[in-house]
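# Chain and residue survey
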Amino acid sequence: MKFHNISPFIFTLFIVFAGSSSLKSQDKFPDGTAIPKWFKENKPTDINKLGKKYIITDFGVKNDSTILQTKQVQSIIDEASKNGGVIIVPKGTFLISSLFFKQGTHLYLESGAKLKGSDDINDFPVVITRMEGQTVKYFPALINADGLDGFTISGKGTLDGNGLRFWKSFWKRREWNPKCTNMDEMRPRIIYVSNSKNIQIEGITVKNSPFWSTHYYKSQFVKLLNLTILAPKEPVKAPSTDAIDIDACSNFLVKNCYMSVNDDAIALKGGKGPKADVDPNNGENRNIIIEDNTFGFCHSALTCGSESIHNYNIIFRNSTVKDASRLLHLKMRPDTPQHYEYITLDNIKGNVKTFIYAKGWNQFFDLKGEARPRKGLANNITIKNIDLSCETAFSIEKSDLFDLKDFNFENFKVKALKPEMENLNHVQNLKQKNIKVEQVASLTQSYDKKDDSDIAAK
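Here we summarise the structure given alongside this text. Predicted, not measured: the structure shown is a model, and the values here were computed from it.

### Brief notes about the pattern of salt bridges
In the structure shown here, the tally under the stated rule is 19 salt bridges. For Asp119, the salt bridge is made with Arg165, and the minimal N-O distance between the two is 3.6 Å. Placement of Asp119 in the loop between strand S6 (113-117) and strand S7 (127-131) and of Arg165 in helix H3 (residues 164-176) is noted, with a sequence separation of 46 residues between them. Its relative accessible area of 46% is what places Arg165 among the partly exposed residues. Through salt bridges with shared partners, a single ionic network connects Asp27, Lys40, Lys255, Glu291, Asp292 and Arg317.

What follows is the structure in structure tokens.
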């Protein structure tokens, strides 16, 4: 660009206004702070820079889905950890239970490669781990990474939890004992990353988890890119197979992923119980961006809870939701101190059963001797640029046990069988701009059934 024959005064004004415009357009978190460049600098993992390549079949591991080879693969990880390197799974199916990655090691799954989980819980050890908002003895995941800096999982292959037998056992136990909890029926997760930083998981498919699909605890600077996470709702429901559980984490990016599971797609967790906010094992979720994703069937695209203390600076944007039960679910748990604030949903389209769901959540309620429930709060919630069809628009409960306030709604185009506009009266200081909620007699829905029927029978 040339600026010939422009006076110094005008040129100065040009620079000032150009700078001002640049500042205004800068991407920001809901609280107004600038989003760091880290969230935009997303590069594919280059396994050629990860050190020596350890192709597991070069070390005696057989392409045989009927032979448990956990010890053999773990020994390769242990060897690679001495000088660093990437564990490469070639095309084929390899049966494992729990693997524990160490500092300097990585996992790469070639196209057509599958690490398949054992469906016998006796093949899994019992360890101290994090489950449902508490630190307990339970079973590790198939892939475990604790205390690592720079760990990656990449490739085009699959982590298959092989969950069918676990799902059937869960529902049989629930039939016998309706009060059976998730943890009463023993079953592992697929990925568990804890106390780690600078983590990148990309490209792979995660499917058929016995329990939660992927779980991240007390970790920071985590990127989940271009993942496909699947667990079926039929013919056998895969219970509590959350796609992504973010548990007391900060600086977390979920981008360009497809999720279709028989529970929440993304759940923000952090602890539970009357004194959860003073327990050092718990914590808040802060600076979380969820963008450019597609959601198939799930119970909720984004859930705050059920084990959650403080969620701050959460962005959910530029995404399509198809056949989700809820878009946003605020689980207000009265036996736990909860505060959800500075949450923005922006540019969401598709169809859901319920647009916004905010109610008390009392499953397995336990005050642990406290005299009275805690009062929860959700505030500074912005929802804008919405184009959705739904059965119920606003399923929002009035309660003495929680407050909803300072909500900002902008640019809604919502078609609903039940608009439920009166439920918005339960929100204190609600601001609305360009809101169009149209009641319709029927809805024509086009649901995405991508791979929902795959139930790990193979």
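### Points about the nonpolar core
Counting residues in hydrophobic clusters, the biggest one holds 105 residues, and the most contacted among them are Ile143, Ile191 and Phe355. Setting aside its immediate chain neighbours within four residues, Phe355 contacts Leu327, Leu328, Ile383, Ile386, Leu388, Cys390, Thr392, Ala393, Phe394, Phe412 and Val414. Judged by nonpolar contacts, the second largest core, of eight residues, contains Phe29, Trp38, Leu253 and Ile315.

### Some details on the environment of Lys37
Along the chain, Lys37 falls in the loop between helix H1 (8-25) and strand S1 (52-55). Classification of Lys37 as exposed rests on a relative accessible area of 64%. For the pair Lys37 and Lys322, spaced 285 residues apart in sequence, the C-alpha to C-alpha distance is 31 Å.

### Quick look at unusual backbone geometry
Going from Glu234 to Pro235, the amide bond is cis rather than trans, its omega being 0 degrees. As for its placement among the helices and strands, Pro235 is situated in the loop between strand S17 (228-230) and strand S18 (244-247). Note that the residue after Gly305, namely Ser306, is joined by a cis bond; omega there is 5 degrees. Mapped onto the fold, Ser306 is located in the loop between strand S24 (302-304) and strand S25 (310-332). Residues other than glycine seldom take positive phi values, yet Ser240 does so here, at roughly 55 degrees.

### A few points about H3
With 13 residues, H3 extends 19 Å between its outermost C-alpha atoms, agreeing within 8% with the 18 Å of an ideal straight helix rising 1.5 Å per residue. Of the positions making up H3, those classed as buried are Leu164, Phe166, Trp167 and Phe170. Projected onto a plane normal to the axis of H3, the buried residues spread over an arc of 165 degrees and lie on a single side. Away from its buried face by more than 90 degrees, H3 exposes Lys172, Glu175 and Trp176.

### Brief notes about the pairing of strand S9 (residues 143-146)
Where strand S4 (residues 99-101) lies against S9, three bridges are found, and the strand directions are parallel. For Phe100, the partnering residue across the bridge sits in S9 and is Asn144. In terms of strand pairing, S9 meets strand S12 (residues 191-194) through four bridges, oriented parallel. Paired with Ile143 across the strands is Ile191, a residue of S12.

### Some remarks on the packing of aromatic side chains
Across all of its chains, the model carries 17 aromatic pairs by this definition. Between the aromatic rings of Trp38 and Phe221, the centroid separation amounts to 5.3 Å while the plane-to-plane angle is 80 degrees, which identifies the pairing as edge-to-face. With Trp38 in the loop between H1 and S1 and Phe221 in strand S16 (residues 220-225), this pair connects stretches of sequence that are 183 residues apart. Here Trp38 falls in the buried class, since its relative accessible area comes to 19%. Measuring from ring centre to ring centre gives 5.7 Å for Phe355 and Phe394, while their planes differ by 45 degrees; the resulting arrangement is tilted. Taken together, the positions of Phe355 in strand S26 (residues 339-360) and Phe394 in strand S27 (residues 376-396) put the pair 39 residues apart, joining distant regions of the chain. Comparing Phe355 with Phe394, the two get one shared label, buried. Aromatic ring contacts, followed pair by pair, group Phe355, Phe394, Phe407, Phe409 and Phe412 into a single cluster. Lying over the aromatic face of Tyr192, Arg189 brings its terminal NZ or CZ to 4.4 Å of the ring centre.

Here is what the cut-offs are and how they apply
- Residues numbered from 1 in each chain as written.
- Predicted model: local features only at pLDDT ≥ 70, side-chain atom pairs only at ≥ 80, totals over all residues.
- Heavy atoms only, no water.
- Salt bridge = Lys/Arg side-chain N within 4 Å of Asp/Glu carboxyl O.
- Helix = DSSP H or I, 4+ residues; strand = E, 2+ residues; numbered from the N terminus.
- Buried < 20%, exposed > 50% of the residue type's maximum accessible area, 1.4 Å probe, protein only.
- Core = buried A, V, L, I, M, F, W, Y, C linked by side-chain atoms within 4.5 Å.
- Contact = heavy atoms within 4.5 Å.
- Expected span 1.5 Å × (residues − 1).
- Arc of directions from axis to C-beta.
- Pairing = 2+ DSSP bridges.
- Phe/Tyr/Trp six-rings, centres within 6.5 Å; stacked < 30°, edge-to-face > 60°.
- Lys NZ or Arg CZ within 6 Å of the ring centre and 35° of its normal.

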